[in-house]
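A closer look at the structure
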Amino acid sequence: MGDMAAAPRRTAANEGFGSAFDQARVLGARVLGSVWSPALLYLVVRGFGTLIFVGMAPDRVDWRPWDADWYLKIAEHGYVASGIGMLDASGKPMPDGAYAFFPLYPTVVRLFAPIFGDNYIVAGIVVSTLAGVVGAYGMARLTRLLGGNRRAETIAVVLVAAAPMSVVYTLPYPESLLIALVVWALIALLERQWWLFALLTAVAGTSNPMAGPLIVVAIVAACVAVNEQGQRRWWAGVTPLLAAAGMLGYLFWVAAHTARGYFHITDVGWGNRIDGGLVTAEWILDAVTTSRDLFVVVTAIAIVVSVVAVALVRRQMPWQVWLYTLGTVALIVVHSGLVQDRVRLLLSAFPLLILAAIRLTRCSTRVAVVITGLASLFGLWFSAYALIVWPHSI
């Protein structure tokens, strides 16, 4: 009699648990399907990544490491004063070194700083985070344009937010602002909104030299459009000029305000020049044959995988997106200088992660969740490890 009485209670409990699980699943589906989904996903992932970053070594966390210090100094004092007392990559004083850093990000930080009592670190973190949210919506939209469904959009946002070295999306670095501009520029191009594409490309060109491949896409797209459908389009000639105006304007401005110009400054201070990939190739060979340092090995693998991936996905992307991705990977490989920051620069090759997200939707839900979760955990952990443990990662 006791067992007979207990059976209905166990069944009710099981049914209650199942009902709660179903309700949670429905609620989760509604959240992921809502207009807030990209923002919530991005902020949750970045929040978790920040906890890992702070938790690994709370006494060693630096909120303005390396380039972030340059950007914040420029935001606070402008280009002339910010170079005083600053050091280049080799630790030597470089008064005009600030001109190696593009102006958009520090300008936006300067605009936000008064809101936070002129706390430039907080302003930088807020600007980076807000730009990342805008970029997350762009990732979801671009994923849809590349043929992905709702699940692919979700995976793409998570993979991008948790990519290796994604810690710079939270720190005072310009990557999140650059990527937000680039992804929406690509969307505008695919949707044939030429003026918006040119404007976003021009603005992106003032944020980071990694916007260069987008300008190349603008030139090629304009050439393709000139005689499209047998019609000569006058605006096709204006588009690349407007798209390149931001970056060219800054380079000319630096040339007018310094004795050496932008490229000489970056060459002397950071060893950046186009060498056809010799430094990168030698570094990768040394990494895979002699190094036992995790950061070095992962960096080498990431570069090689990116090169192979961009060669294999030509037919799986619109040519505009593929050309941008190819240009990004090529620019990362063919320039010399510090190799240690290449994983951070590879964040700009985000279309590869979008394509990976679309591929994952072909798997079962369980497999997709496991792979996405493991990849995200590794990316977030590696970001914290690189910045805290490895001293020259960015």
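Details of the structure are given in the entry above.
What you see is a predicted model; the values in this text were computed from it and never measured.

Okay, the nonpolar core next. With 122 residues, the main nonpolar core has Phe-53, Val-109, Met-139, Leu-142, Phe-350, Ile-354 and Phe-382 as its most contacted residues. The element that contributes the greatest number of residues to this core is helix H7 (residues 175-190), accounting for eleven residues. The contacts of Val-109, once residues within four sequence positions are left out, are Leu-72, Ala-75, Tyr-120, Ala-123, Gly-124 and Val-127.

We now examine helix H13 (residues 294-312). The terminal C-alpha atoms of H13, which comprises 19 residues, lie 26 Å apart, in line with the 27 Å expected from a rise of 1.5 Å per residue. Within H13, burial applies to Phe-295, Val-296, Val-298, Thr-299, Ala-300, Ile-303, Ser-306 and Val-310. Buried positions along H13 lie against helix H12 (278-289), helix H14 (319-334), helix H15 (342-345), helix H16 (351-360) and helix H17 (365-388). At the N-terminal end of H13, a side-chain oxygen is found 2.9 Å from the backbone nitrogen of Phe-295, two or three residues along, and the residue is Asp-293.

So, about unusual backbone geometry. For residues other than glycine, phi is negative in most cases, and the peptide bonds are mostly trans. Look at Asp-118: it is not a glycine, yet its phi comes out positive at around 60 degrees. Assessed through its relative accessible area of 47%, Asp-118 is described here as partly exposed. For Arg-192, which is not a glycine, the phi torsion comes out positive at approximately 60 degrees.

This part is about the packing of aromatic side chains. Counted under the stated rule, the structure contains 20 aromatic pairs. On the numbers, 4.8 Å between centres and 45 degrees between planes, the contact of Phe-102 with Tyr-250 is tilted. Taken together, the positions of Phe-102 in the loop between helix H3 (67-82) and helix H4 (104-112) and Tyr-250 in helix H10 (residues 235-257) put the pair 148 residues apart, joining distant regions of the chain. One aromatic cluster in this structure is built from Tyr-79, Tyr-99, Phe-102, Tyr-250, Trp-253, Tyr-262 and Phe-263. Here the basic side chain of Arg-314 rests over the ring of Trp-322, its NZ or CZ set 5.1 Å away from the ring centre.

Let us now look at the pattern of salt bridges. For the coordinates displayed, the defined rule picks out twelve salt bridges. Here Asp-96 makes a salt bridge to Arg-260, at a shortest N to O gap of 3.0 Å. With Asp-96 in the loop between H3 and H4 and Arg-260 in the loop between H10 and helix H11 (262-270), this pair connects stretches of sequence that are 164 residues apart. Taking relative accessible area as the criterion, Asp-96 reaches 17% and is therefore assigned buried. We classify Arg-260 as partly exposed; its relative accessible area is 36%. Taking the shortest distance from any N to any O, the salt bridge between Arg-344 and Asp-341 comes out at 3.6 Å.

Parameters at a glance
- Residues numbered from 1 in each chain as written.
- Predicted model: local features only at pLDDT ≥ 70, side-chain atom pairs only at ≥ 80, totals over all residues.
- Heavy atoms only, no water.
- Core = buried A, V, L, I, M, F, W, Y, C linked by side-chain atoms within 4.5 Å.
- Buried < 20%, exposed > 50% of the residue type's maximum accessible area, 1.4 Å probe, protein only.
- Helix = DSSP H or I, 4+ residues; strand = E, 2+ residues; numbered from the N terminus.
- Contact = heavy atoms within 4.5 Å.
- Expected span 1.5 Å × (residues − 1).
- Polar contact = N/O pair within 3.5 Å; in protein donor to acceptor, adjacent residues only side chain to side chain.
- Phe/Tyr/Trp six-rings, centres within 6.5 Å; stacked < 30°, edge-to-face > 60°.
- Lys NZ or Arg CZ within 6 Å of the ring centre and 35° of its normal.
- Salt bridge = Lys/Arg side-chain N within 4 Å of Asp/Glu carboxyl O.

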